[in-house]
Amino acid sequence: MMSSKKLEFSEFKKVLTPEAIITSVPDLYFSTRNTRTLVVEPESASWIILQAASRGFLLRSKILRPGTNERSWKSLAEIYELDQSFNQNEIDWWLYSLFLRNMITLNGQTYYQSSNLWAVQQYPHYFNIHIAESCNLACRYCRCDHEANDRELMSVETVKKIIRRVLEEIPREKVIIGFHGGEPLTNIDCLVAGAKYARELASALKKKLTLSLQTNGVLLTRYSELLKELKIEVGLSLDGPEAIHNRQRVFASGRGSFGEVIEGLRRARKLGLNPGLLAVISDPQNYVEVAKFFIENLDSRSFRLNFLCYEGRAKKGFNFEVDRAELFVEHWLKLVDLAIDYHRETGYWLSVDDLNLFIAHLADKSRPQMCYRAPCGAGNSILGFGYDGQIYPCEELVGKDEFCLGTIDDPKPLPQLLVESEINQQIQQQRKVENIKKCRTCPWRRFHGSGCLNKSFEFFGDIFHEDPMCHFYRRVFEELMWKTAENPDLINLIGYYKNYLKDPEANFLENII
Ligand code: SF4
Ligand code: SF4
């Protein structure tokens with residue numbers, strides 16, 4: 001029923017004749033707090049909070065039926081007769097709100113065809129090249145648990161071959177090439193040659209190119225000027241204040257790297273580079289402290305906080321007990337409160353990844369971030385390349401033989417290689433919420449998309465499990481919905497994701513009736 005333009009209330013009312021049949025739908029999720037009830041329609045990722053009046057009426061009329069999946073139907077005339085203390089226009093608005101969220105059908109029709117909502121892109125646009133698997137740090141949670149050696153550097157010939165094949169063979173107009181590792185700045189010749197070659201070729205092929213790099217910052221003082229010249233966007237890993245950072249991000253000697261990293265950040269900023277800050281949170285009690293450090297000491301209002309994942313060296317030295325996810329929820333919610341307080345005091349809204357993304361998912365069906373789709377972006381939005389030219393469906397899978405798609409020396413065109421690869425077929429066709437037991441019936445499955453296949457693989461040993469931090473996602477999506485009922489201003493935490501969505505404020509504010 002849905003066209004690209006949103007159905008207006010006035011149009012809806014034209015179809016809403018007294019004979020119109022309203023039918024309840026199964027599989028809704030209900031959660032009640034005090035006088036309000038949250039309702040979620042999982043397949044279309046729709047939600048609404050009912051206040052006392054709407055809730056009372058919609059439950060009494062059996063238009064909404066918590067606790068049963070039996071359908072019931074009534075004509076509009078019968079619904080009006082149930083309780084004449086409500087004005088008919090008000091009832092129409094409630095029905096309209098439910099219809100737009102696939103929570104009722106009207107004359108047998110739903111608003112969304114849910115299966116059309118979650119299309120996956122066909123060809124990757126982001127190419128993540130590990131130009132150095134080796135590193136000048138030995139972080140305690142590094143995803144590689146081996147002692148990377150100096151030979152694990154990509155050759156100039158290999159990086160050029162990857163760039164040429166990606167730009168020539170993948171039919172995408174906008175391309176992002178990210179230089180990663182290990183520490184990419186330890187292979188500076190390869191970086192410079194790759195960046196210059198990519199610019200020349202993209203310009204000849206009339207493609208729009210973004211170059212990025214993720215660094216541990218140790219060599220940033222030395223190379224900031226060069227990175228500026230090459231117009232490379234820089235992401236900087238910095239885990240927070242000195243004591244926290246130095247516990248985790250250390251040289252092989254055990255000495256912390258905070259001093260070098262801060263010096264690198266200062267140098268980069270002085271030259272006009274503005275590195276994006278990324279902290280890995282291993283102890284959830286540090287969330288607020290790290291955020292405050294970025295805001296107050298480093299004057300940053302936009303940063304990313306990732307929680308530590310069960311991978312590589314982290315498996316040995318950190319706590320991954322079952323209560324871990326709930327602790328992350330508790331402290332992450334304090335981060336949301338911090339963002340609200342910060343706005344109250346200064347008038348500015350923070351943009352904190354992935355808080356901004358969660359807000360975006362509450363406001364819109366677009367899923368611009370590939371890790372929150374099912375199947376996720378592995379092999380359809382991103383490709384990863386090892387230092388030796390091996391190809392993988394994602395940066396996080398680089399170096400894992402089970403996921404190797406082939407090598408850059410394979411004469412087969414890359415699109416053909418993607419289509420014919422068995423592991424890629426398995427990811428694209430089978431790693432879907434429907435095929436993951438816990439996700440299949442999860443109310444949040446289209447908000448979250450079942451999470452990271454790499455994290456499932458690392459934690460459970462296969463790609464057909466939920467994200468190991470599942471409990472975190474289940475809790476925070478719901479908590480954010482409730483928080484918006486108290487404070488609709490929360491939409492402003494959407495940050496830069498606003499650029500990807502059509503009309504997030506309107507969608508958001510109409511979620512409370
Ligand atoms: S990982 Fe957990 S929260 Fe995410 S969709 Fe699956 S069951 Fe739901
Ligand atoms: S494998 Fe994980 S990191 Fe890679 S695209 Fe999928 S969800 Fe994202």
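Whatever comes next refers back to the structure up there.
Attention here is on the structure that accompanies the text. (Residues numbered from 1 in each chain as written. Chains lettered and ligands numbered in written order. Predicted model: local features only at pLDDT ≥ 70, side-chain atom pairs only at ≥ 80, totals over all residues. Heavy atoms only, no water.)

1. Here's the deal with the nonpolar core
Okay, so step 1: Among the nonpolar cores identified, the biggest contains 156 residues, and Phe-294, Leu-305, Trp-332 and Phe-472 are the most heavily contacted of them.
Okay, so step 2: The biggest single contributor to this core is helix 13 (residues 324-346), with 11 residues.
Okay, so step 3: In this view, Phe-472 contacts Phe-307, Ala-325, Phe-328, Val-329, Trp-332 and Phe-358; residues no more than four positions away in its chain are not counted.
Okay, so step 4: If you look at the next biggest cluster of nonpolar residues, it comprises 9 residues, including Cys-139, Tyr-141, Ala-314 and Phe-320. (Core = buried A, V, L, I, M, F, W, Y, C linked by side-chain atoms within 4.5 Å. Buried < 20%, exposed > 50% of the residue type's maximum accessible area, 1.4 Å probe, protein only. Helix = DSSP H or I, 4+ residues; strand = E, 2+ residues; numbered from the N terminus. Contact = heavy atoms within 4.5 Å.)

2. Quick notes on unusual backbone geometry
Okay, so step 1: Following Asp-353, the chain continues to Asp-354 via a peptide bond in cis, the omega torsion being 0°.
Okay, so step 2: Relative to the helices and strands, Asp-354 is located in the loop between strand 13 (351-353) and helix 14 (355-363).
Okay, so step 3: With a phi close to 50°, Ala-45 is a non-glycine residue in the positive phi region.
Okay, so step 4: Note that Ala-45 resides in the loop between strand 3 (36-41) and strand 4 (46-50).

3. A short note on the pattern of salt bridges
Okay, so step 1: The tally for this structure, following the rule as stated, stands at 25 salt bridges.
Okay, so step 2: For Arg-304, the salt bridge identified is with Asp-354, shortest N-O distance 3.1 Å. Of this pair, Arg-304 sits in strand 12 (residues 302-307) while Asp-354 sits in the loop between strand 13 and helix 14, and the two are 50 residues apart along the sequence.
Okay, so step 3: Looking at Asp-354, the relative accessible area reads 14%, which means it is buried.
Okay, so step 4: Salt bridges sharing common partners tie together Arg-33, Glu-326, Arg-475 and Glu-479. (Salt bridge = Lys/Arg side-chain N within 4 Å of Asp/Glu carboxyl O.)

4. What to know about helix 14
Okay, so step 1: Burial analysis of helix 14 places 9 of its 9 residues in the buried class, the great majority of the element.
Okay, so step 2: Every buried residue of helix 14 is accounted for by Leu-355, Asn-356, Leu-357, Phe-358, Ile-359, Ala-360, His-361, Leu-362 and Ala-363.

5. As for the site of ligand 2
Okay, so step 1: Lining the immediate environment of ligand 2, one finds Cys-371, Cys-376, Gly-377, Ala-378, Cys-394, Glu-396, Cys-452, Leu-453 and Asn-454.
Okay, so step 2: Here the residues of the shell around ligand 2 sort into 6 nonpolar, 2 polar and 1 charged.
Okay, so step 3: Each of domain 2 (123-236 + 377-430) and domain 3 (282-367 + 440-513) contributes no fewer than three residues to the shell around ligand 2. (Near = heavy atom within 4 Å. Nonpolar A, V, L, I, M, F, W, Y, C, P; charged D, E, K, R; others polar. Domains from an automatic or database assignment.)

6. What about the pairing of strand 11 (residues 276-281)?
Okay, so step 1: Burial analysis of strand 11 places 5 of its 6 residues in the buried class, which makes it a mostly covered element.
Okay, so step 2: Direction of pairing for strand 10 (residues 233-237) relative to strand 11: parallel, over a ladder of 3 bridges. Looking at strand 11, one finds that Gly-235 is bridged to Gly-276.
Okay, so step 3: One ladder, built from 5 bridges, connects strand 11 with strand 12; its direction is parallel. Among the inter-strand pairings, Leu-278 is bridged to a residue of strand 12, identified as Arg-304.
Okay, so step 4: Crossover connection from strand 11 via helix 11 (residues 287-297) to parallel strand 12: handedness right-handed. (Pairing = 2+ DSSP bridges. Right-handed = clockwise from strand over helix to strand, strands pointing away.)

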